[in-house]
Structure formats: C-alpha cells, structure tokens
Amino acid sequence: MDRNAYQSELDRVQFTEAGKSALTDALMAEQAGPAVRRRSFWMKRGTAAVLAAVLLVGTAAAVTASLWDRYFGGLDPAEQAVVDTLSGDLPGAVSSNGAVMTPQAAFGTDGVFYLMLEVEAPEGTVLPTQGEDWLYSLSSFDDPKNWACLETAEGRRVENLTYSLDLTCLEDSDPTDNKITVVVEVLADGDLTGLTVHIPGLWMWATDGTYTPLFTGEFTFPISEGMGEESVMTLDVAGVTTETPWGSVVLETLELSPLGARWSYRIPPDAAQAAREEEQAAWEEPPAVVGVDEDGDTTAMEVTITPGAPLSAVLRDGTEVSVNDSFSGEEDGLQVCSGTFGIPLDLAQVSYLLWGGTKIPLL
C-alpha cells in the first residue's frame, strides 16, 4: 500500500496536516511488519478522564434493529436488544442548498456512536454505486472549511479532543437516483457530551487524491448525553499482568461497554528496556520502510516499539470478538488504549475477557 492510500484514509479523521502526515508514516511502518507496534498519534490532548456514556438519540426499537442488520450483516436477538437499549428518538431531517440528510437510526455509548443517514442530493444529481477508483466522502480536505467535524453547541469546532468520523455506504437498491444511505461512525477518546456532528456536504474522492463536490451545505446533528450510562462496567483489574515479547505488562484500569473498551496499563522498566534495545537494533539495520514524498524523495521511518497486548471478549459459546485498537497513547506514565467491537455485544453473554494470554473474568 502506498502513502497516498494511507493519506486518503486519514481524510476522514480530524487531525492537523502535520499530525496527519506523521500518522501516515506510522501506518506505513506498521504495514511493513506486524511485530512492531507503531507509536500512536491518536493521543488525547486533554487530561485523563473517565469516558462518559453519550449517544445521538436513535429510533424506535423494532425499526432500529432491522435497519442495523444492513450495516452489521445481521444481528441475533441479544445483539438487537443491545441496539434497542442504546437507541431512542431521532432528530428531524436537515435541508441545505437543495440537499436533505435524514437520520434513520442511531445508537451508542462510551465515546462511540453510529448514525445512519439517508442522503438525498439536489434534484437532478445522480448518486451512483461507489467504484473501485472512487469513494464517497463527507469531507473535502483540499479546503479546511469543508471538513466534517465535531462542534460545540455554539458551533465552534472541537480542538481539544482526538476523534475520527468514518463513513460506510450501505447497499444501494437504485444507483440511478439521487439517494444513498450511509452510516457515520464516530469514535472519540473522551467525552462527547453536548457536542454535535457537523457535515459540510458530499464529495467523490478519487484514488488520485482529487475531490469532486456533489453538493455542499450545513448539516448538523446533536449528540445527547445520558443514554447507555448503565451499560458501562468498571472492572477491578489493578495488578493483572500479561506477557509480551519484551516482558510482562501490568493492567491498571479497564472499562467495558457493549460497544468497546478502554484500558490503561504500565510497562515495567525491564520490558521498557527490552523494547528500547530492539528499537536500537532496528536502527542499526538498513531501513525496511521509507516514506516517499511528492517529489520522490525518501525518508527512513522511525521504528518505535510499545509493549502491549490485544484485548478481546470471549463469549459463552466460545466465539472470540476482538477490540479494534482505535486510540492509544500515554497519560500520566500509563499506556491508555480504547477501541470498539465489530458488533454490539450482550455483556451477559461474555464469559471472560482475554488480554494477551491472560483471562479476566467479568464478575
């Protein structure tokens, strides 16, 4: 995968251009070898805080479950019940410059929420099925004013929170009309209470990096607080250890919700030293990965090793569901990670968590 491909993925993430470029380089380094974990640029810029349970209000239960089947590829009754619990009433449609975005369903908790929208372009505009060489985008990163973002209730762009907004287009039954249905997934390493999702329009992003506007406007959807708070579990995990290739690491905190988890751990001195020694050895070898700029100049990528272990939930039927590591960084001397499951989980069906090779019971 080349640098432009990674850069296109970051076009959906709220970062400065310098931060986006640095994260692109880190992603390229990770692509070269899974044994080395990249230094994350998803670090929260504020102080450590317990994730608050917040979400955009959703639809009535029966309708929500059937709609989310399209996105998750099918939900069993227990998973549908989770969606129902984290859903509520939807705000109305928003119209701007002849286009309309209509919320169809939404749910979320603990720094994660999903918003399903029917997008209707101005009359006469065809919204075809995405092709191999282009994708739909809610942002055009050739102009900062056209970035999809989180805003405060007063309309100010949020600057002190690391987050991402990802777009998924659902299957389109009529690629010749002016409507598509999309899901906006918002992940944040912090509190979303009182914020809104601002969408400036719809573009076609081509693999050559160009953006073609389909329509622009002002589309804003509020996030409300309080729903799903009781679904977040805080586990007593202080002192739990697991092994990594560089030595053991030690858990400090772990919060679990039906949609994901957030945990912190410390790296003892011996494991940190082993990681530093491997980093130094990597620098003494010819660089395996280089970054290439627009002029064709190459730069060796920095190799940074952070000892850690993946987290997953093991269900009572033996199914293992991994947490997708979305955010990681250092706070007050601890490594802090958070991420989401690929599907809503009924926590009553979780037998235990697995951190590396260590089992963590929920009781």
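Right, let's walk through the structure included here. Since the structure is predicted, the reported quantities are computational estimates derived from the model, not experimental observations.

Calculation notes
Residues numbered from 1 in each chain as written. Predicted model: local features only at pLDDT ≥ 70, side-chain atom pairs only at ≥ 80, totals over all residues. Heavy atoms only, no water. Core = buried A, V, L, I, M, F, W, Y, C linked by side-chain atoms within 4.5 Å. Buried < 20%, exposed > 50% of the residue type's maximum accessible area, 1.4 Å probe, protein only. Contact = heavy atoms within 4.5 Å. Phe/Tyr/Trp six-rings, centres within 6.5 Å; stacked < 30°, edge-to-face > 60°. Helix = DSSP H or I, 4+ residues; strand = E, 2+ residues; numbered from the N terminus. Pairing = 2+ DSSP bridges. Expected span 1.5 Å × (residues − 1). Arc of directions from axis to C-beta.

## Regarding the nonpolar core
By size, the foremost hydrophobic cluster in this structure holds 43 residues, and its most contacted members are Trp68, Tyr114, Leu254, Trp263, Leu353 and Trp355. Not counting residues within four places of it along the chain, the set of residues in contact with leucine 254 comprises Met233, Thr234, Leu235, Val237, Arg262, Trp263, Leu311, Leu353 and Ile360. By size, the runner-up hydrophobic cluster in this structure holds 36 residues, among which are Leu150, Val184, Val186 and Val197.

## Observations concerning the packing of aromatic side chains
For the coordinates displayed, the defined rule picks out 13 aromatic pairs. Summarising the aromatic geometry, the rings of tryptophan 68 and tyrosine 71 are spaced 5.8 Å apart at their centres and angled 80° between planes, so their arrangement reads as edge-to-face. Here tyrosine 71 and tryptophan 68 lie together in helix H3 (residues 61-72), a separation of three residues that amounts to about one turn. What makes tryptophan 68 buried here is its relative accessible area of 0%. Here the aromatic rings of phenylalanine 72 and phenylalanine 107 are separated by 6.2 Å at their centres, their planes lie at 55°, and the arrangement is tilted. Of the two residues, phenylalanine 72 sits in helix H3 while phenylalanine 107 sits in strand S3 (residues 99-109), which places them 35 residues apart along the sequence. Each member of the pair phenylalanine 72 and phenylalanine 107 is classed as buried.

## Some thoughts on the side chain of threonine 340
When you line up the elements, threonine 340 lands in strand S21 (residues 334-340). Classification of threonine 340 as buried rests on a relative accessible area of 5%. When sequence neighbours within four positions are dropped, the list of residues in contact with threonine 340 reads Val112, Glu185, Leu187, Leu259, Gly260, Ser322, Val323, Asn324 and Ser326.

## A closer look at the pairing of strand S23 (residues 358-361)
Of the two faces of S23, only one is covered, namely that formed by Thr358 and Ile360; the face formed by Lys359 and Pro361 stays uncovered. Of the strand pairs in this sheet, strand S22 (residues 350-355) and S23 are connected by four bridges, and their pairing is antiparallel. When the bridges of S23 are listed, leucine 353 appears paired with isoleucine 360. As consecutive antiparallel partners, S22 and S23 are separated by two residues, and within that stretch glycine 356 has a phi angle of approximately 60°, a positive value.

## Focus on the pairing of S3
Extensive coverage of S3 is indicated by the burial of nine of its 11 residues. In this structure, strand S2 (residues 94-96) lies alongside S3, joined through three bridges in antiparallel fashion. Bridged to serine 95 within S3 is valine 100. Where S2 folds back onto S3 in an antiparallel hairpin, the turn is made up of two residues, including asparagine 97, whose phi is positive at roughly 55°. Here S3 pairs with strand S4 (residues 112-120) via nine bridges, running antiparallel. Pairing of threonine 102 across the sheet is with glutamate 118, part of S4. Counted between consecutive antiparallel strands, the loop separating S3 from S4 contains two residues, among which aspartate 110 sits at a positive phi close to 55°.

## Description of helix H5 (residues 269-284)
Three- or four-residue spacings in an α-helix give side chains the same orientation, since the helix completes a turn every 3.6 residues. Counted at 1.5 Å a residue, the expected span for H5 with its 16 residues is 22 Å, and the 23 Å between its end C-alpha atoms agrees. Where H5 is concerned, the buried positions are Ala271, Ala275 and Glu279. Looking straight down H5, one finds its buried side chains confined to an arc of 80°; they lie on one side. Away from its buried face by more than 90 degrees, H5 exposes Pro269, Asp270 and Glu284.

## Here we look at unusual backbone geometry
Here the phi dihedral of asparagine 97 falls at roughly 55°; this positive angle occurs in a residue that is not glycine. You can see asparagine 97 is positioned in the loop between S2 and S3. Under the relative-accessibility criterion, asparagine 97 is labelled exposed at 59%. Backbone geometry at aspartate 332 places phi at a positive 55°, although glycine is not the residue there. Inspection of the secondary structure puts aspartate 332 in the loop between strand S20 (324-331) and S21. A relative accessible area of 75% places aspartate 332 in the exposed class.

Honestly, it's all geometry; don't read function into it.
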